Amino acid sequence: MSATQDSATDSTPRRGGLIALAILLVVVVAVAVGTVLLVRLTSTPEEGSTEPYREAWASAMRKAGVDATLPPSPTELTAYRGVGGHPFEATFTGEEATALLAIYPFTYREGSTTALLRDPRLTFPKTGTIRIETGIESSVQGGDLELEGPVAFGSTEGLTSPGAD
């Protein structure tokens, strides 16, 4: 056997080993990238994030003719001080109303009693009817609430619901 034949025979196992190593490296990188993508796609936003409501909130702001920036976390409605205003008429979807309630929660306070809606979901099953599903956090006692009934909203009287309290 000549020296040329020996080097050709020796390089064949090396080449096969390099190919196997390259394939292994590609598989490891693909698994790592796939895992990162899967975690990002299945992760839920951090608690208190407004991000899940971004699209519905932006739609509600457009309908109201308001130029605003999405707050990074829910902001107590009473923390805002309104300056100026403009009349508008809009029909909001359940998703838009839910986004507004989730992003701008209102805590009811009377004496030492407080109550706050937790994870509100609003739908409008038929014209003039609203369905609210929510949890209630209260200084007295918490629980869940489901309410459906006729509803109306006026600029002076606010939200009214004859027959539903």
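Before reading further, recall that the structure is shown in the block above.
Our subject in this report is the structure included herewith. Residue indices follow the written sequence of each chain, beginning from 1 at its first position. In view of the model being predicted, local features appear only for residues whose pLDDT reaches at least 70, and side-chain atom pairs are presented and counted only at 80 or more, with totals across whole chains, interfaces and linings using the full set of residues. Water and hydrogen atoms play no part in the side-chain values, which are based on all heavy atoms of the structure.

**As for the overall build of the protein chain**
- Along its length, the protein chain carries three helices and six strands.
- Helices and strands in the protein chain line up, N terminus first, as α-α-α-β-β-β-β-β-β.
- For the protein chain, buried positions account for 19% of its 165 residues.
- As displayed, the protein chain offers around 12,500 Å² of accessible surface, 60% of which is attributable to carbon and sulfur atoms. The helix and strand labels rest on DSSP assignments: H or I over at least four residues marks a helix, E over at least two residues marks a strand, and numbering proceeds from the N terminus. The cut-offs for exposure are 20% and 50% of the maximum accessible area for each residue type, with area from a 1.4 Å probe on protein chains only; residues under the lower value are buried, those over the upper are exposed, and the others partly exposed. Here the accessible surface of atoms and residues is derived via Shrake-Rupley with a 1.4 Å probe, and residues count as covered only by protein chains that are part of the display.

**Structural notes on the nonpolar core**
- Side-chain atoms within 4.5 Å are what join buried Ala, Val, Leu, Ile, Met, Phe, Trp, Tyr and Cys residues into a set we call a nonpolar core. In this structure, Ala56, Trp57, Met61, Leu70, Ala99, Ile103 and Tyr104 together form the largest nonpolar core, which totals seven residues.
- Secondary structure elements with two or more residues in this core: helix H2 (54–64) and helix H3 (94–103).
- With three residues, H2 is the single largest residue contributor to this core.

**A few points about the pairing of strand E1 (residues 107–110)**
- In this description, strands pair whenever DSSP reports at least two bridges between them. The pairing of E1 with strand E2 (residues 113–123) spans four bridges and is classified as antiparallel. Within E2, the position partnered with Glu110 by the bridge is Thr113.

**A closer look at H2**
- Residues Ala56, Trp57, Ser59, Ala60, Met61 and Ala64 constitute the buried set of H2.
- Close packing links the buried residues of H2 with H3.
- Of the residues flanking the end of H2, it is Gly65, one or two places downstream, whose phi is positive at about 70 degrees. Working rule for contacts: check all heavy atoms of both residues, and any pair within 4.5 Å makes them a contact.

**A look at the pairing of E2**
- As consecutive antiparallel partners, E1 and E2 are separated by two residues, and within that stretch Gly111 has a phi angle of approximately 60 degrees, a positive value.
- As judged from the seven bridges shared by E2 and strand E3 (residues 129–138), these two strands associate in the antiparallel manner. Of the residues in E3, the one forming a bridge with Arg121 is Glu133.
- Following E2, the chain reverses through five residues before pairing antiparallel with E3; Gly128 in that reversal takes a positive phi of roughly 80 degrees.

**A few points about H3**
- Within H3, seven of the ten residues are buried, leaving the element largely enclosed by the surrounding structure.
- The set of residues buried in H3 consists of Gly94, Glu96, Ala97, Thr98, Ala99, Ala102 and Ile103.
- Of the surrounding elements, those touching the buried residues of H3 are H2 and E2.

**Considerations on a nonpolar patch on the surface**
- Without a salt bridge and with relative accessible area above 30%, a residue can belong to a patch; like charges are then joined within 9 Å and nonpolar side chains (Val, Leu, Ile, Met, Phe, Trp, Tyr) within 5 Å. Salt bridges are defined as contacts in which a side-chain nitrogen from Lys or Arg sits within 4 Å of a carboxyl oxygen from Asp or Glu. Judged by side-chain polarity, Leu77, Tyr80, Phe106 and Tyr108 come together as a nonpolar surface patch covering roughly 420 Å² of accessible area.
- Checked against the element boundaries, Tyr80 lands in the loop between H2 and H3.
- Accessibility expressed as a relative area gives 45% for Tyr80, which makes it partly exposed.

**Some points on the pattern of salt bridges**
- By the definition in use, this model includes three salt bridges.
- Across the salt bridge formed by Lys63 and Glu96, the nearest N and O atoms sit 2.9 Å from each other. Of this pair, Lys63 sits in helix H2 while Glu96 sits in helix H3; the two residues are 33 residues apart in sequence, bridging distant segments of the chain.
- A residue is classified by how much of its surface remains accessible, and Lys63, at 32% relative accessible area, is partly exposed.
- With a relative accessible area of 4%, Glu96 lands in the buried category.

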